[in-house]
Amino acid sequence: MSGSTLLVNDAISRLELDRQLDQLFREEGGRVRAALISRLHDFEMAEDVLQEAFISAIEHWSGEGIPKNPAGWLLVTAQRKAIDRLRRTQVLIQKQAELQLLEALRENTAPFLEEEVFPDDRLKLIFTCCHPALNQDAQVALTLQTLGGLSTAEIAHAFLVSETTMAQRLVRAKRKIRDAGIPYSVPAAHQLTERLSGVLLVLYLIFNAGYISSQGESLLRNELCAEAIRLGRALVLLLQQAVPPTDQAEALGLLALMLIHDARKDARIGPEGELITLEKQNRSLWDQRQTQEGIAILDQAMLARKPGPYQIQAAISALHSQATSAEETDWLQISLLYSTLTKHQSSPVIWLNWVVAVAMASTPARGLELLAEMENVTMRHYYLFHAARADLLRRDQQYQAARESYQQAMALTQNTVEQAFLKRRLAELPIT
């Protein structure tokens, strides 16, 4: 594992083993899962045997130590467990397709050498999940689960639906891939563009899931951000070889957006793990090399003269990154870009960001007027709506109303870092 800090070939405590297995699952789980799905053509079996492989790892590695190639060990072990399942299920092994699968798996279960790597099937899996036979919500949800490793609850949070509803969507999507015989492959060049919007949305949401963790004690899940960027680079290379520049523009825009945002990660969290807002961040901690790479990629995308939502968002991020301080931010230009963005996409996050940008370019009172106009049942259950209103009320010196909005936001977020931030903002309000 590149960049891994796993201890190898030494007996370790169960506590340390659990910690390192958790790290391995976060860093390599998506890659192993993608390889299993590609070879088994069965989402549920792949997930089951991967879990069994992790259980076997606990049994073997606690005494033997972690192997030099832990991801390869998990893949081989999971494949062997899949073979055992197929052997035990007489109905399956009587089918020619499963017999062929069994033979293929036998050929791929030799132990991995210490430095051996296995092919990366993640980009292939994304295109499988983004097949046009599935609706876009199903495409995104399925990829977030199988590739990003997100829980059903986390995906439901991203879609603003109940966990039960999301679980049903995921089951239906997996069955449709199985029953329709959708191939596990990167499509031909003429088919790339019809699946591209779904693929880009998947990468965008995987990155967001890492950049703004919806649950738990960590605001950032760096492995998801790194995975989305890695896949974004792979996608751009693929498109550059297969489609004209106009069809590459949005992929370049998304890659630029992710790089510019990711460049700020070291400044978003304080020494005690607390959330630091953009205006309070120490901009010297931003990765300037990565920021400049993102801006250069954005410039390349804009040469195609085919603007889209990811390019617009990247341009907004670039304006923030080019301002030497929060006070020098060009909020008027940012508000105009958000206004343009709403014509491409209509989502609660984009509308809230537009309102905040308008308020920063004019007055908090104007922002509060716009928030009042967009309030509805969905927004009342969205913590960022209440957090945005609380901040504008604070800036407008309506402290009691701000206090109530901060309390509503705190009740709606499950991320403890964000809860702590809102609690700190609440405590900072003057007593009226």
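Residues numbered from 1 in each chain as written. Predicted model: local features only at pLDDT ≥ 70, side-chain atom pairs only at ≥ 80, totals over all residues. Heavy atoms only, no water.

You'll find the protein entered in an unreviewed UniProt entry as RNA polymerase subunit sigma-24, with Dictyobacter halimunensis given as the organism.

**A look at the environment of Gln397**
Heads up, the rule is: Helix and strand definitions here come from DSSP, where helices need a minimum of 4 consecutive H or I residues and strands a minimum of 2 consecutive E residues; each element is numbered from the N-terminal end.
With respect to the helices and strands, the residue Gln397 is situated in the loop between helix H20 (383-395) and helix H21 (399-412). The spacing of Gln397 and Leu429 is 32 residues in sequence and 9.2 Å in space, taken between C-alpha atoms.

**Some remarks on the packing of aromatic side chains**
The condition is simple: Working definition: a ring pair exists when centres of Phe, Tyr or Trp rings (six-membered ring for Trp) sit within 6.5 Å. Plane angles under 30 degrees give stacked, over 60 give edge-to-face, the rest tilted. Note on exposure labels: buried denotes an accessible area under 20% of the residue type's maximum, exposed denotes more than 50%, and partly exposed covers the range between, all computed with a 1.4 Å probe on protein chains only. A ring has a charge above it when a Lys NZ or an Arg CZ is no more than 6 Å from the ring centre and no more than 35 degrees off the ring normal.
The tally for this structure, following the rule as stated, stands at four aromatic pairs. With 5.5 Å between their ring centres and 20 degrees between their planes, Phe207 and Tyr211 make a pair best called stacked. Highlighted residues: Phe207 and Tyr211, both in helix H10 (residues 189-211), separated by four residues, approximately one helical turn. Across the pair, exposure class does not vary: Phe207 and Tyr211 are buried alike. The side chain of Arg268 reaches across the aromatic face of Tyr211, ending 3.8 Å from its centre.

**Some details on H20**
As a reminder of what qualifies: What a helix should span is 1.5 Å times the count of its residues minus one. Residue contacts are counted whenever heavy atoms from the two residues lie within 4.5 Å of one another.
For H20, spanning 13 residues, the distance from its first C-alpha to its last is 19 Å, which sits close to the expected 18 Å at 1.5 Å a residue. For H20, the buried fraction is high: 10 of the 13 residues fall into the buried class. Buried residues of H20: Tyr383, Phe385, His386, Ala387, Ala388, Arg389, Ala390, Asp391, Leu392 and Leu393, and no others. Each element contacted by the buried residues of H20 is listed here: helix H17 (348-361), helix H18 (364-374), helix H19 (377-380), H21 and helix H22 (416-428). Gln397 occupies a position one or two residues after H20 and carries a positive phi of about 65 degrees.

**Overview of unusual backbone geometry**
Its identity is not glycine, yet His41 carries a phi of approximately 60 degrees, on the positive side. Relative to the assigned elements, His41 resides in the loop between helix H1 (14-40) and helix H2 (43-64). Even without glycine at this site, Gln397 takes up a positive phi of about 65 degrees.

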